[in-house]
Amino acid sequence: GEDVEQSLFLSVREGDSSVINCTYTDSSSTYLYWYKQEPGAGLQLLTYIFSNMDMKQDQRLTVLLNKKDKHLSLRIADTQTGDSAIYFCAESGRWGKLQFGAGTQVVVTP
Amino acid sequence: EAQVTQNPRYLITVTGKKLTVTCSQNMNHEYMSWYRQDPGLGLRQIYYSMNVEVTDKGDVPEGYKVSRKEKRNFPLILESPSPNQTSLYFCASTGSLNNEQFFGPGTRLTVL
């Protein structure tokens, strides 16, 4: 999606932290999401953040939102091999129409 | 179990042969949509429906039709498929809470 941009690839060592970045353009977005797609599978909602929040933490996941810069990031602490997947950033307006980024392929190496 | 189902999961067909991909959800959601996923482009919305008999075009509707005769079902119809419709298709439905979208498992379509 041209309105949501992500880097396409990230390589990280097992045990390190991963940070996936995303920029979006629609300042009226109500929610911002991170989805995970494992090979051959559908999309799984990992976490989301409401647009009036700056940060959300959920176990190993930390989402940071800089609304001024329209920048969203996902940090995965203690990255494991099972975290290897494609991660999609998405923004949502009313009634859940989602605008997706192209996805970031995360590869976790031993 | 709350879920979105799609059928078939895999389909290989030829240009011009009409096909339908079914989608069904058991969560009583009002809003449903279809996306296609292509490398480097992420997911793009094809059509969406806000309720029974209410459908509208998404970002890439050309070559597709949908219908919403019942709340639970939202089939995607390709009247005359072409090779540029070779893609991975996802159906999704949305509940009212935080607009979380529940995705089906995907249908991989190849048009020869």
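Right, let's walk through the structure included here. Residue numbers run consecutively from 1 along every chain, following the written order of its sequence. Lettering of chains starts at A and numbering of ligands starts at 1, both following the order in which they are written. For a predicted model such as this one, the threshold for reporting local features is a pLDDT of at least 70, and the threshold for listing and counting side-chain atom pairs is 80 or more; totals across whole chains, interfaces and linings nevertheless cover every residue. Calculated side-chain values reflect all of the structure's heavy atoms, with hydrogen atoms and water omitted.

1. So, the overall build of chain B
Helix and strand labels come from DSSP, where a helix needs a run of H or I of at least four residues and a strand needs a run of E of at least two; each type is numbered from the N terminus. Summing up its helical and strand segments, chain B has zero helices and 11 strands in all. For chain B, the N- to C-terminal ordering of α and β elements is β-β-β-β-β-β-β-β-β-β-β. Both definitions apply: the radius of gyration is a C-alpha atom measure, and the globule rule equals 2.2 Å times residues to the power 0.38. Radius of gyration (C-alpha) of chain B: 13 Å, near the 13 Å computed for a compact globule of 112 residues. Considered along the principal axes of its C-alpha atoms, chain B spans approximately 40 × 30 × 25 Å. Taking all 112 residues of chain B together, 51% fall into the buried category. Two residues qualify as a contact provided that any one of their heavy atoms is within 4.5 Å of a heavy atom in the partner residue. Within chain B, contacts between residues at least 6 apart in sequence are counted, and of these 53% link residues at least 24 apart. Carbon and sulfur atoms provide 52% of the accessible area of chain B, an area that totals close to 5300 Å². Under the convention used here, Asp and Glu are negative, Lys and Arg are positive, and both His and the chain ends fall outside the count. Charge coordinates come from a single atom per side chain, which is NZ of Lys, CZ of Arg, CG of Asp or CD of Glu. Averaged over its 12 positive side-chain charges, chain B has a centre that lies 7 Å from the centre of its 10 negative ones. Here the term buried applies to any residue with accessible area under 20% of the maximum for its type, exposed to any over 50%, and partly exposed to those in between, with areas from a 1.4 Å probe on protein chains only. Accessibility throughout is a Shrake-Rupley quantity obtained with a 1.4 Å probe, and a residue counts as covered only by protein chains that appear here.

2. Points about the sheet that holds strand 7 (residues 65-66) of chain B
What makes two strands pair is DSSP finding at least two bridges between them. Pairing in this open sheet of four strands is antiparallel, and the strands run 1-3-8-7 (chain B) from one edge to the other. Either end of the sheet is taken by a strand with one partner, and the two such strands are strand 1 (4-7) and strand 7 of chain B.

3. Observations concerning the interface of chain A and chain B
Contact with chain A, which involves 23 residues of that partner, is made by 21 residues of chain B. Between chain A and chain B, the buried area comes to about 1800 Å², and carbon and sulfur atoms account for 55% of it. By salt bridge we mean one thing: a side-chain nitrogen of Lys or Arg within 4 Å of a carboxyl oxygen of Asp or Glu. Between chain A and chain B we count zero salt bridges in total. In protein, a polar contact requires one atom able to donate a hydrogen and another able to accept it; more generally it is a pair of N or O atoms within 3.5 Å, and residues adjacent in sequence count only if both atoms are side-chain atoms. Taken together, the links from chain A to chain B amount to two residue pairs in polar contact (both at pLDDT 80 or more). Per element, the largest residue contribution to the side of chain A that touches chain B is four residues, and it comes from strand 4 (residues 31-37) of chain A. In short, buried area is how much 1.4 Å probe accessible area vanishes from two parts on joining, totalled over both.

4. Notes on the state of the cysteines
Residue and element names in this part refer to chain B. Count a disulfide wherever a pair of cysteine sulfur atoms falls within 2.5 Å. Scanning all chains against the criterion turns up two disulfides over all chains. Between the sulfur atoms of cysteine 23 and its disulfide mate cysteine 91 the distance is 1.8 Å. Its S-S torsion of about -70° marks the bond between cysteine 23 and cysteine 91 as left-handed, since a negative value means left-handed. With a gap of 68 residues between them, cysteine 23 in strand 3 (residues 19-25) and cysteine 91 in strand 9 (residues 87-94) connect regions that are remote in the sequence. The exposure class of cysteine 23 is buried, given its relative accessible area of 2%.

5. As for the pattern of salt bridges
For the structure shown, the criterion picks out seven salt bridges over all chains. In this structure, Lys36(A) and Glu38(A) form a salt bridge, with 3.2 Å as the shortest nitrogen-oxygen distance. We note a salt bridge from Lys65(B) to Glu79(B), for which the minimum N-O separation is 2.9 Å. Within this pair, whereas Lys65(B) is found in strand 7, its partner Glu79(B) is found in the loop between strand 8 (76-78) and strand 9, the two being separated by 14 residues in sequence. Classification of Glu79(B) by relative accessible area gives partly exposed; the value is 36%.

6. Thoughts on a nonpolar patch on the surface
All names here are of chain B. Two joining distances apply to patches: 9 Å for like charges and 5 Å for nonpolar side chains (Val, Leu, Ile, Met, Phe, Trp, Tyr), and every residue must have over 30% relative accessible area and no salt bridge. Taken together, the side chains of Ile12, Val14 and Leu112 make up a nonpolar region of the molecular surface, amounting to roughly 320 Å² of accessible area. Mapped onto the elements of the fold, leucine 112 is located in the segment after strand 11 (107-111). Looking at leucine 112, the relative accessible area reads 59%, which means it is exposed.

7. Some remarks on unusual backbone geometry
Peptide bonds are trans in most cases, and residues, glycine excluded, mostly fall at negative phi. Cis geometry is adopted by the peptide bond preceding Pro8(B), which originates at Asn7(B) and carries an omega value of -5°. Position of Pro8(B) relative to the elements: it lies in the loop between strand 1 and strand 2 (10-13). Even without being glycine, Lys70(A) reaches a positive phi, approximately 55°. Turning to its location among the elements, Lys70(A) is positioned in the loop between strand 7 (61-66) and strand 8 (71-76). Phi at Glu53(B) is positive, roughly 65°, even though this residue is not glycine. Take Glu53(B): it is sitting in the loop between strand 5 (42-51) and strand 6 (54-57). Residue Glu53(B) is classed as exposed on the basis of its relative accessible area, which comes to 62%.

Remember, this is a structural readout, not a statement about activity or role.
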